[in-house]
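# A look at the structure
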Amino acid sequence: ISLLFATTTTTKIKKSKTAFNTTLQEEKKTSYQLDRIATEIKKAKKELVYIDKRLEQLSRDQNKTEQTYQQLKSELKSYKNDIFITQKILEQKNKQFLYLLSEQFSTIFAMQQLHEPTKETIITQEIYKAYKAQNEKMLKKIKSDIARLKQHKQNRIYLRNKTKKELKKIIATKYEYKIQKNKKKRLLAKLKQDEDIYSAKL
């Protein structure tokens, strides 16, 4: 009986030691998992902070770019209007000159054709030459103004299109960061859930 009791006790001790070692190994394994989860949680939180900062910066950039885009659209509209008005002025000046030419100076050419220049026609011809030179100078300036306005308009079109592309890029980048943020939030929730499970197990 004593021998049987001793054998049973030795077996129990061996089983207890095995169970204890298994428990220690499980504890180490669980502690390691908890440490790993804690590290991943810390990393995920840090990445979330970075994503939030980037989203804030992108929102500021978007607001600024939208303001620039609206301003360029307004300037472009203004240049289009200025070009339209200046072209109308040019047409009006041309019409005035043609009217004056037909009404006032037609007699000059008629008299010249008949080779009967008079004092009056000579004076009128000189007035016509002076008016023509002044009119040409004025029309040249108006045409130059139109060319300058058109150049400004082209510059604004280029800047508007460039700004529009930048705005689209910012919006697309913001969308990508929002997707990343949602993924990180889901990951963080899962990690916290795992942490609770391993903590309870430990």
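Residues numbered from 1 in each chain as written. Predicted model: local features only at pLDDT ≥ 70, side-chain atom pairs only at ≥ 80, totals over all residues. Heavy atoms only, no water.

## What to know about the overall build of the protein chain
For the protein chain, the count of helices and strands is three helices and zero strands. Scanning the protein chain from its N terminus toward the C terminus, one meets helices and strands in the order α-α-α. For the protein chain, the residues scored as buried account for 20% of the 202 residues in total. A separation threshold of at least 6 residues defines the contact pool for the protein chain, and within that pool the share at least 24 residues apart is 88%. (Helix = DSSP H or I, 4+ residues; strand = E, 2+ residues; numbered from the N terminus. Buried < 20%, exposed > 50% of the residue type's maximum accessible area, 1.4 Å probe, protein only. Contact = heavy atoms within 4.5 Å.)

## Section: the side chain of Gln62
Relative to the assigned elements, Gln62 resides in helix α1 (residues 2-103). Classification of Gln62 by relative accessible area gives buried; the value is 14%. Looking at Gln62, its side chain comes within polar contact range of the side chain of Lys174, at 3.0 Å. (Polar contact = N/O pair within 3.5 Å; in protein donor to acceptor, adjacent residues only side chain to side chain.)

## Things to note about the nonpolar core
Judged by nonpolar contacts, Ile37, Ile41, Ala44, Leu48, Leu188 and Leu191 together constitute the single largest core of six residues. Looking at this core, the elements that each hand over two or more residues are α1 and α3 (119-201). It is α1 that contributes the most residues to this core, four residues altogether. Counting five residues, the second largest nonpolar core, distinct from the first, contains Leu55, Leu58, Ile170 and Tyr177. (Core = buried A, V, L, I, M, F, W, Y, C linked by side-chain atoms within 4.5 Å.)

## What to know about the packing of aromatic side chains
Counting across every chain of the model gives one aromatic pair. With 5.8 Å between their ring centres and 15° between their planes, Phe97 and Tyr131 make a pair best called stacked. In this pair, Phe97 sits in helix α1 while Tyr131 sits in helix α3, placing the two residues 34 residues apart along the sequence. (Phe/Tyr/Trp six-rings, centres within 6.5 Å; stacked < 30°, edge-to-face > 60°.)

## Describing the pattern of salt bridges
By the definition in use, this model includes nine salt bridges. Arg36 serves as the salt-bridge partner of Glu40, at 2.7 Å between the closest nitrogen and oxygen. One end of the pair, Glu40, and the other, Arg36, are both in helix α1, four residues apart, so they sit about a helical turn from each other. Overall, the relative accessible area of 31% leaves Glu40 in the partly exposed class. (Salt bridge = Lys/Arg side-chain N within 4 Å of Asp/Glu carboxyl O.)

## Things to note about the environment of Asn63
As for its position among the elements, Asn63 is in helix α1. Owing to a relative accessible area of 45%, Asn63 belongs among the partly exposed residues under this scheme. Sequence-wise, Asn63 and Leu167 are 104 residues apart; in three dimensions their C-alpha atoms are separated by 9.2 Å.

## Quick word on the confidence of the model for the protein chain
Across the protein chain, the average pLDDT comes to 85, with 86% of residues at or above 70. Looking at the elements of the protein chain, mean pLDDT is at its lowest for helix α2 (residues 106-113), recorded as 62, and at its highest for α3, recorded as 90. (pLDDT = per-residue confidence, 0-100.)

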